[in-house]
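Analysis of the macromolecular model
The primary structure of each chain is shown beneath.
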Amino acid sequence: MTGKAMSPEGAPRSKRGRKLGPITAGTGRAHRAWLEPLRGSYQASGLTIGQLERETGWSRSKISELLRAAGRYPRWEFTRSLLTALHWPAPSMADMRALWALAAREANKRTIWINSCLQGDGLSADDRLPVHFSAFQDLYRDAYTGYAHTFLRRRAEARRAVGDVFILLLFLWDEALASDNPERFAWQILRQTVMERTPHPDNSPALVEAAFDTLALRTAADPVAQIEESMFLFDGLRRLPAGQLDVMVLLHLRGLDETAVAAVLGVPLAAVRSTARHARRHLDGRLRTATQEGHSGDRSD
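Reading the values: rules and limits
- Residues numbered from 1 in each chain as written.
- Predicted model: local features only at pLDDT ≥ 70, side-chain atom pairs only at ≥ 80, totals over all residues.
- Heavy atoms only, no water.
- Helix = DSSP H or I, 4+ residues; strand = E, 2+ residues; numbered from the N terminus.
- Buried < 20%, exposed > 50% of the residue type's maximum accessible area, 1.4 Å probe, protein only.
- Lys, Arg positive; Asp, Glu negative; His and termini not counted.
- Salt bridge = Lys/Arg side-chain N within 4 Å of Asp/Glu carboxyl O.
- Contact = heavy atoms within 4.5 Å.
- 1 Å grid on protein atoms, 1.4 Å probe; cavity = no way out; pocket = protein on both sides within 12 Å on 5 of 7 lines; lining within 4 Å.
- Points joined across faces, edges and corners; volume = space filled by probe spheres on them.
- Nonpolar A, V, L, I, M, F, W, Y, C, P; charged D, E, K, R; others polar.
- pLDDT = per-residue confidence, 0-100.

Following the sequence through the fold, Arg39 ends up in helix 1 (residues 29-45). The buried charged residue Arg39 lacks any salt bridge, with Glu36 as its nearest oppositely charged partner at 7.0 Å. In this structure Arg39 touches Leu20, Gly21, Pro22, Ile23, Leu67 and Arg68, once residues within four positions along its chain are discounted.

What the largest pocket holds in volume is close to 440 Å³. Broken down by element, the lining of the largest pocket gets its largest block of residues, three residues, from helix 3 (residues 60-68). Considering only residue class, the lining of the largest pocket consists of nine nonpolar, five polar and six charged.

Attention now goes to the pattern of salt bridges. Pairing is possible between side chains that carry opposite charge, provided their charged atoms lie close to one another. Under the definition given, this model contains ten salt bridges. Across the salt bridge formed by Arg273 and Glu258, the nearest N and O atoms sit 2.8 Å from each other. Linking Arg273 in helix 16 (residues 269-300) with Glu258 in helix 15 (residues 258-265), this pair joins segments that are 15 residues apart in sequence. By sharing partners, the salt bridges in this structure join Asp202, Asp235, Arg238 and Arg239 into a single network.

Looking at the protein, the pLDDT average stands at 82 and 79% of residues meet or exceed 70. A low-confidence stretch, residues 1-7 stays under pLDDT 50, and its non-local contacts, those more than four residues away or across chains, total eleven contacts. Below pLDDT 50 for its whole length, residues 9-15 participates in twelve contacts with residues either more than four positions away or in separate chains.

Given below as structure tokens:
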């Protein structure tokens, strides 16, 4: 390694390339992972910002912002146009696209925004699926859809959310396989996608409608009293920490057993059992407090 930036085709740096300012402080690791090679390619190309403007149709100020990570996170169309102008080969372009998507998630971009940027770029969730990706999708689609339906009460909306998850996961499949835990990697995308589409009153995900869709309510001798108890319980449930909420939803609202929950979340079985115990302890304490307050109120009357 000489330390000199090289283009994808191995061309040495030209003196004609415009000297860039530094990457903006605070730029995330995933963003830097694709931006630094792009900057190196630009510096090695011998092109100027003005020439890139003519090649791509994007303004000099926008190109300069992208190369320094100085503005908003760029759309893939913009990034790809610069890569094309710098003659990136197709295999390297695919790698950069995956890194761009990872960085978009790091920048808290919504899954629907990421997928809209990637539309028409040569991949969809229905073609050229790697065998192991297809198997993963078949294995977890029902559990993902059930989880999504708990929060997104219209089934069509839940299916759309899960479809978006698998489209994005397809672009990131190599990164998922390279991670320590592909199931956990995928679950993080699924959870983020569902939660960004779920109303959050009081900064906690809404679960009130789910309280009306329980076996206890359907079989209750006193439905009115059961509604009150169910709504109180579900209000406590939605306020649980994220890990506890996910375990309780999968176990008790979606009907998965502990082993299946461990597989879906990508965590050890012992962690599922421990998390469930902590969640039950929290909910039991909440119900006891409510019961005591209710008795106290009755006596005061």
